[in-house]
Amino acid sequence: MLRLITRDRVGAIGLVIVVLMTAAAALAPLIAPYDPTAMSNQRLAPPGGDFLLGADEAGRDLLSRALYGARTSLTVSLIVVTCAGTIGVLLGLLAGFYRGVLDAIITPATDIMFSFPTLLLALAVVAARGPGTENLILALVIVFIPSFARIVRGTAMSVRREPYVESGQAVGLSNTRLILKYILPNSVAPIAVQFTTSLAYAILIEASLGYLGLGVQPPQPSWGSMLSSGKSFMEISIWPSVVPGVCIMIAVLGFNLLGDTLRDVLDPRLRGRSSR
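Residues numbered from 1 in each chain as written. Predicted model: local features only at pLDDT ≥ 70, side-chain atom pairs only at ≥ 80, totals over all residues. Heavy atoms only, no water.

If you look the protein up in an unreviewed UniProt entry, it shows as ABC transporter permease subunit from Micromonospora echinofusca. Turning to the protein, the UniProt record has this under Sequence similarities (unreviewed entry): "Belongs to the binding-protein-dependent transport system permease family." Per UniProt, the comment on the protein under Subcellular location (unreviewed entry) is "Cell membrane". (UniProt positions renumbered as here; feature names shortened; annotations may be inferred.)

Structure (structure tokens):
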């Protein structure tokens, strides 16, 4: 799979972005030139000199804050998508394989959640429970569960009608064995694509809530909160807003490119396409 991804120019770019960003976030304590919360008298300093990317309104190094902000965004997004994916996959398997009452309960519930704009639903949950990292994670998990549940339900319903599943039922395989042996393996491809693209969307929503002051709270660096605090000083210095904005754009772009390429690689109908 890695070889197929790297053969695609777009996929290779996405993979490089994701790897570099993950490495930068993981190694932030080692490569950040300053403490991200340390203030100085060089407020709104331009790039160069003591601060490679400039300083914010409190004289804090933007490069260090961007690196630690990457840790925050990636950690929150990974926790959110992993938890939402686990719950959503389980609900999708139950609804698609067993149908009946379970499907009648799970499917309308996910449809109702889909009827709300994603950001609005996350905003409502965070506003009801208050700002903070834990409430942010809870809100985003609730938001992302329906996407996984719907995808896996569709796959489970399709595979359930295949002859090899009916043969397994005929020889007495348990439902759990059928799910683990046939249904779940056939769901890996769409789950992998949804996981990757959901990471991009989670980063974007986390930054949006941080921008509104409902995400990760200061002094912990966050791209969204950096963008929010920098907007008041745009006429004096654009760098406190440009740096986190570019970081968000690159992160979302990397995961989206990787997700699109994964979809092409894992779909046999698209695998024969020429490299872009």
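**Q** How should the nonpolar core be read in this particular structure?
**A** Ranked by size, the top nonpolar core spans 46 residues in total, and within it Val80, Leu140, Phe144, Ile203, Leu209, Trp223 and Phe255 carry the most contacts. Those elements that provide at least two residues to this core are helix H2 (9–26), helix H4 (62–98), helix H6 (118–129), helix H7 (133–160), helix H9 (175–211), helix H10 (223–230) and helix H11 (239–266). The dominant element in this core, judged by the number of residues it contributes, is H7, at 9 residues. Each residue touching Leu140, except ones within four places of it in the same chain, is listed here: Val76, Val80, Ala122, Ala202, Ile205, Glu206 and Leu209. Formed by 12 residues, the second largest nonpolar core is a distinct cluster that contains Val165, Leu178, Tyr182 and Ile191. (Core = buried A, V, L, I, M, F, W, Y, C linked by side-chain atoms within 4.5 Å. Buried < 20%, exposed > 50% of the residue type's maximum accessible area, 1.4 Å probe, protein only. Helix = DSSP H or I, 4+ residues; strand = E, 2+ residues; numbered from the N terminus. Contact = heavy atoms within 4.5 Å.)

**Q** Quick question: what am I supposed to make of the side chain of Thr155 here?
**A** With respect to the secondary-structure elements, Thr155 resides in helix H7. With a relative accessible area of 16%, Thr155 lands in the buried category. Those residues in contact with Thr155 that sit more than four places away from it in its chain are Asn186, Ser187 and Pro190.

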